[in-house]
Amino acid sequence: MAKEANSAEAKIQHYVPQYYLRSFIDAKELLYVVDRPRATFFRVPTKKVGGELYFNLINVKGIDPFAVEKALADLESMVAPALERVKKTRSLAAEKDRGAVMNLIASVTLRNPKQRQVIGEIINQSGNLAAAEGLSSKPKFDEYVSAMKAQGKEVRESYEETKELVAKIPGTFRPTQEFSILTELRLHDPLVQRYEGRKWQILVASEDSGGFVTSDHPVCLRWSDGEHGNLSPGLAVPGTELIFPISPHLVLRGSFEGEENVVEVDTSTVAGINSLLISNAHNQIYAQDALFKYKRAPLEEIGSGATLDQDKVFLAGGTTTAGDKVVVLRAN
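Nothing here was measured: the structure is a model prediction, and the numbers come from that model. Each chain has its residues counted from 1, following the order in which its sequence is written. Residue-level local features of this predicted model are given only where pLDDT is at least 70; pairs of side-chain atoms are given and counted only at 80 or more, and the full residue set underlies all totals for whole chains, interfaces and linings. As a convention, hydrogens and water are excluded, and side-chain values are obtained from all of the structure's heavy atoms.

### Quick word on the nonpolar core
(1) Moving on: Side-chain atoms within 4.5 Å are what join buried Ala, Val, Leu, Ile, Met, Phe, Trp, Tyr and Cys residues into a set we call a nonpolar core. Exposure classes here rest on a 1.4 Å probe applied to the protein chains alone. A residue is buried below 20% of its type maximum, exposed above 50%, and partly exposed in between. Ranked by size, the top nonpolar core spans 47 residues in total, and within it Tyr20, Ile105 and Tyr195 carry the most contacts.
(2) Moving on: Every residue pair with non-hydrogen atoms within 4.5 Å of one another is taken to be in contact. In this view, Ile105 contacts Tyr195, Trp200, Val219, Leu242, Phe244 and Leu252; residues no more than four positions away in its chain are not counted.
(3) Moving on: By size, the runner-up hydrophobic cluster in this structure holds 23 residues, among which are Ala205, Ile243, Val265 and Val270.

Laid out in structure tokens, this is it:
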């Protein structure tokens, strides 16, 4: 096994890049973390969060198991300095920097446990439906066996054995990690192109707002008008906006309408955006400190980050500022 063979290289592999998270550290170089599963908060270095053991590991003969990690390191060398320039200038006018940031957003969109789990479940359900159709009768199963034989493949299980196997193992068709990683790599460049097609506005948090948060799933897509209920937005659909925080002071908001400009936003707006980011998180919220604010609906009171670990809605999984469940990103 690659994991055993490379035990000396075993490490936490980050799906939220550390160079990105460092934008949110405090003077002691620590992140303020609110952890949903444990209903608590703590402060840790960036290397302690936003990753899993072997998250990007590839176990395929003839391929470097750490090839994805090395590719991400190359991406970091391009994106990290560009991100710093964008934060300093508050501008995406420089084409090279804009492209680098779009690559960062695409990478974080695709490569995280939440999205990987959702895509895996979609594939599993599709496989289950196809299997149900193929096993609906003995003649249909025989057709499948004949098709496999024509391709030089042998089906050893009988009709009854195959039905029993599929029924016993509900996750039979869940993709391997290698398949998931390959899917993420294939979708990366098309996603960058779609993000580059949006008009990006830079939102600047007012001094008294408490600033923006981020999370272990910081890319949020929503309908601009908030009137589509649980209908999933599409990445190429007009009337949608994508939210991505790049520091406690700055958030990028991309849409197909409007202008590219820099806008200062007040405490109420910052709190609403934070609520969206909080609702979209997988397990953890990251901030510079506990002074951030959030507000789930226009008429609700603004909440304090210091008590988020006690918020029943957050602990239950969260809702957006419009009161709708966060939906999964669709390609179109």
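From this point, the discussion proceeds with the structure in view.
### Topic: the packing of helix α4 (residues 95–110) against helix α8 (residues 177–196)
(1) Moving on: Helix axes use the C-alpha atoms of the stretch in contact, all axes being lines fitted to C-alpha atoms, and the angles between their N-to-C directions lie in the range 0 to 180 degrees. Strands here mean DSSP runs of E at least two residues long; helices mean DSSP runs of H or I at least four residues long; both are numbered from the N terminus. Look at α4 against α8: their axes get within 9 Å of each other, and the N-to-C directions meet at 130°. As judged from the angle between their axes, α4 and α8 are oblique. Our pair here, α4 against α8, has a crossing hand that is right-handed. Contacts between α4 and α8 pair Arg98, Gly99, Met102, Asn103, Ile105, Ala106, Ser107, Thr109 and Leu110 from the former with Glu184, Leu187, His188, Leu191, Val192, Tyr195 and Glu196 from the latter. Here the word oblique covers every angle except those under 35 degrees (roughly parallel), over 145 (roughly antiparallel) and from 65 to 115 (roughly perpendicular). For any pair of crossing helices, the crossing counts as left-handed if the nearer helix is rotated counterclockwise from the farther one by less than a right angle, and right-handed if it is rotated clockwise.

### A look at the side chain of Thr240
(1) Moving on: In this fold, Thr240 is placed in strand β8 (residues 240–245).
(2) Moving on: Excluding residues within four positions of it along the chain, Thr240 makes contact with Arg198, Leu221, Arg222, Trp223, Ser224, Pro233, Gly234, Gly254, Ser255 and Phe256.

### Looking at the sheet that holds strand β2 (residues 31–35)
(1) Moving on: Here, any two strands with at least 2 DSSP bridges between them count as paired. Across the sheet, which stays open at both edges, the four strands sit in the order β3-β2-β11-β6 with antiparallel pairing between neighbours. Each of the sheet's edge strands pairs with one partner strand only, and the pair in question is β3 (40–44) and β6 (214–215).
(2) Moving on: Strand direction decides the pairing type here: β2 and β3, joined by five bridges, are antiparallel. Note that in β3 the partner of Val33 across the bridge is Phe42.

### Some words on the sheet that holds strand β5 (residues 199–205)
(1) Moving on: Strand order in the open sheet made by the five strands is β7-β8-β9-β5-β10, with mixed pairing throughout. The open sheet has two free edges, formed respectively by β7 (220–223) and β10 (262–265), since each of these has just one partner strand. This sheet shows a mean twist of 30° between the axes of neighbouring strands, independent of strand direction.
(2) Moving on: Bridge count between β8 and strand β9 (residues 250–255): five bridges; the pairing is antiparallel. Bridge pairing in β9 places Ile243 opposite Arg253.

### Quick word on the confidence of the model for the protein
(1) Moving on: The score called pLDDT rates the predictor's confidence residue by residue, from a low of 0 to a high of 100. The predicted model of the protein has a mean per-residue pLDDT of 85, with 84% of residues at 70 or higher.
(2) Moving on: Residue range residues 1–10 is modelled with pLDDT below 50. Its contacts to residues more than four positions away, or to other chains, number 10 contacts.
(3) Moving on: When the criterion is pLDDT under 50, residues 319–332 qualifies, and its contacts beyond four places in sequence or with other chains add up to 47 contacts.

### So, the environment of Gly210
(1) Moving on: Structurally, Gly210 can be placed in the loop between β5 and β6.
(2) Moving on: Separated by 38 residues in the primary sequence, Gly210 and Pro248 place their C-alpha atoms 8.2 Å from one another.
(3) Moving on: If we ignore the near neighbours within four places in the chain, the residues touching Gly210 are Leu291, Phe292 and Lys293.

### Quick notes on a negative patch on the surface
(1) Moving on: A surface patch of like charges, here negative, comprises Glu207, Asp208, Glu264 and Asp266.
(2) Moving on: Its location among the elements puts Glu207 in the loop between β5 and β6. Patches in this entry comprise residues that are over 30% relatively accessible and not in a salt bridge; like charges within 9 Å are linked, as are nonpolar side chains (Val, Leu, Ile, Met, Phe, Trp, Tyr) within 5 Å. Per-residue and other accessible areas were derived by the Shrake-Rupley procedure at a 1.4 Å probe size, with only the shown protein chains allowed to occlude residues. A pairing counts as a salt bridge when a side-chain nitrogen of Lys or Arg comes within 4 Å of a carboxyl oxygen of Asp or Glu. Residues counted as positive are Lys and Arg, residues counted as negative are Asp and Glu, and His and the chain ends are not counted. For charged residues, the charge sits on one atom: NZ in Lys, CZ in Arg, CG in Asp, CD in Glu.

### Let's talk about α8
(1) Moving on: When the terminal C-alpha atoms of α8 are compared, their 28 Å separation across 20 residues agrees well with the 28 Å that a helix rising 1.5 Å per residue should span.
(2) Moving on: Among the residues making up α8, those that are buried are Ser180, Ile181, Glu184, His188, Leu191, Val192 and Tyr195. The length a helix should cover is 1.5 Å for every residue beyond the first.

### With respect to the packing of aromatic side chains
(1) Moving on: Any Phe, Tyr or Trp ring, taking Trp's six-membered ring, that has another such ring centre within 6.5 Å forms a pair; planes under 30 degrees apart are called stacked, those over 60 apart edge-to-face, and the others tilted. This structure, assessed with the given rule, holds five aromatic pairs.
(2) Moving on: Geometrically, the ring pair formed by Tyr15 and Phe55 is tilted, given 5.1 Å between the ring centres and 55° between the ring planes. Of the two residues, Tyr15 sits in the loop between β1 (12–14) and α2 (18–21) while Phe55 sits in the loop between β4 (51–53) and α3 (67–89), which places them 40 residues apart along the sequence.
(3) Moving on: Assessed through its relative accessible area of 8%, Tyr15 is described here as buried.
(4) Moving on: A network of ring pairs unites the aromatic residues Tyr20, Phe24 and Phe244 as a single cluster.

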